[in-house]
Amino acid sequence: MTFLDETIALPVGVTLDRFIKRNQEAFPFATGELSQLLRDIALAAKIVNREINKAGLVDVTGAIGTSNIQGEAQQKLDMIAHIRFMRALRNGGEVAGIVSEEEENIVLTGNDEAKYVVAIDPLDGSSNIDVNVSIGTIFSIYRRLSAQGTKVNANDFLQGGEAQVAAGYVLYGSSTVLVYTTGHGVNGFTYESSLGEFFLSYPTIQIPEDGNLYSINDGNMPDFPEAILRYIDLCRNRRYSARYIGSLVGDFHRNLLKGGIYFYPPTRKTPQGKLRLLYECYPLAFIVEQAGGMATDGKQRLLEVEIKNLHQRSPLCIGSSTMVKEAEQVYVEQSSMIQ
Ligand SMILES: O=P(O)(O)OC[C@H]1O[C@](O)(COP(=O)(O)O)[C@@H](O)[C@@H]1O
Ligand SMILES: [Mg+2]
Ligand SMILES: [Mg+2]
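A few points on the structure.

Rules used in this analysis
Residues numbered from 1 in each chain as written. Chains lettered and ligands numbered in written order. Predicted model: local features only at pLDDT ≥ 70, side-chain atom pairs only at ≥ 80, totals over all residues. Heavy atoms only, no water. 1 Å grid on protein atoms, 1.4 Å probe; cavity = no way out; pocket = protein on both sides within 12 Å on 5 of 7 lines; lining within 4 Å. Points joined across faces, edges and corners; volume = space filled by probe spheres on them. Helix = DSSP H or I, 4+ residues; strand = E, 2+ residues; numbered from the N terminus. Nonpolar A, V, L, I, M, F, W, Y, C, P; charged D, E, K, R; others polar. Domains from an automatic or database assignment. Pairing = 2+ DSSP bridges. Near = heavy atom within 4 Å. Polar contact = N/O pair within 3.5 Å; in protein donor to acceptor, adjacent residues only side chain to side chain. Areas by Shrake-Rupley, 256 points an atom, 1.4 Å probe, with all protein chains shown as cover. Sits in = over half its atoms within 2 Å of the grid points.

1. Some remarks on the layout of surface pockets
As a volume, the largest pocket reaches approximately 560 Å³. Elements that contribute at least two residues to the lining of the largest pocket include exactly strand E2 (73-75), strand E5 (116-124) and strand E13 (261-264). Among the residues forming the lining of the largest pocket, the class breakdown is seven nonpolar, eleven polar and ten charged. Looking at which domains feed residues into the lining of the largest pocket, each of domain 1 (3-202) and domain 2 (213-338) gives three or more.

2. Thoughts on the sheet that holds strand E6 (residues 135-143)
Taken in spatial order, the eight strands line up as E4-E3-E5-E6-E7-E8-E9-E10 in an open sheet, and their pairing is mixed. Pairing within the sheet leaves two strands with one partner each, and these edge strands are strand E4 (107-108) and strand E10 (197-202). Direction of pairing for strand E3 (residues 95-100) relative to E4: antiparallel, over a ladder of two bridges. Residue pairing for E4: glycine 97 is matched across the bridge by leucine 108.

3. Brief notes about the site of ligand 1
By nearness alone, 17 residues border ligand 1, and Asp124, Asn217, Tyr244, Leu248 and Tyr264 come closest of all. In this structure, an oxygen atom belonging to ligand 1 sits 2.5 Å away from a side-chain N or O atom of tyrosine 244. Surface burial for ligand 1 is 88%, taken as the share of its 470 Å² of free accessible area covered by protein chains. One can see that ligand 1 is located within the largest pocket. Listing elements by their share of the shell around ligand 1, those giving two or more residues are E5 and E13. Looking at the shell around ligand 1 residue by residue, the class counts come to five nonpolar, five polar and seven charged. Of the domains in this structure, domain 1 (3-202) and domain 2 (213-338) are the two that each give at least three residues to the shell around ligand 1.

If you want it as structure tokens, here you go:
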């Protein structure tokens, strides 16, 4: 029986802990650090989930008056999530350094002997925090390049999308779900808060090859490249359904389960695209490819887009392979018409 057959055979309801342990046993050279790191992320997600469930009450609502490196107003929950993940990853001992959307520079954890570094969007979909719409956390894990025992540096994070050893997200929605890959398929776990456990609920996720859902912020239409406008027309003519909640994790998760395509193209306000390569685009591209889908920046495979700085932005087109291929085709045709 292959590892995949065994995974499929696993009864739904296996705890995340047991799944991680089983995963580790499947790889004789695994030494347990990555497993512990995934557990630390799950622990922080449980704590953040508790805070999010209080959204609407005074102490977790609204902005704190500061802005992050991207010039975005930092919401209280952005910072609560940031602090909770920093603390869990520091105390867990498996992470030497962290890049977070909410910090300009690398956060050194003091675990200089640790093997891994993490890039994280602690709270994704910040504009939806105070209006009770699904929000999320996105993370990406790399094995460091610098020698253990030394301080990590930017090169440890600028290895490129294909160097990720694991990536995932947490969706805080009608239920709280943790979805991740370590390069051996994608699995999803639902949080059972009364037991304090994540249970396997989506084993070996495969995104449908095609779909009829498209996700894009219509309001930016006047800025979009001609090719995008043509592809959206095509979706409309086919009577596809537009679905856009304005939380990348929420829009991505829906399309991952149902089939669909999500775009965040360049706009006048964000000519490089709005989303961040290191802790938004790369991790979701790794997941979608592991689930049989595709991701591009409109020109090339997203995981091959070169990264030069920690908070670099990129256009993103991600989802079902048939739809992404078609969007790319429209793009190529459009570019050849311009030449
Ligand atoms: O409001 P817009 O321009 O459509 O942008 C929405 C996008 O921006 C984001 O909120 C950016 O992420 P953050 O909330 O982590 O900054 C995505 O979740 C979402 O898809
Ligand atoms: Mg985000
Ligand atoms: Mg964010």
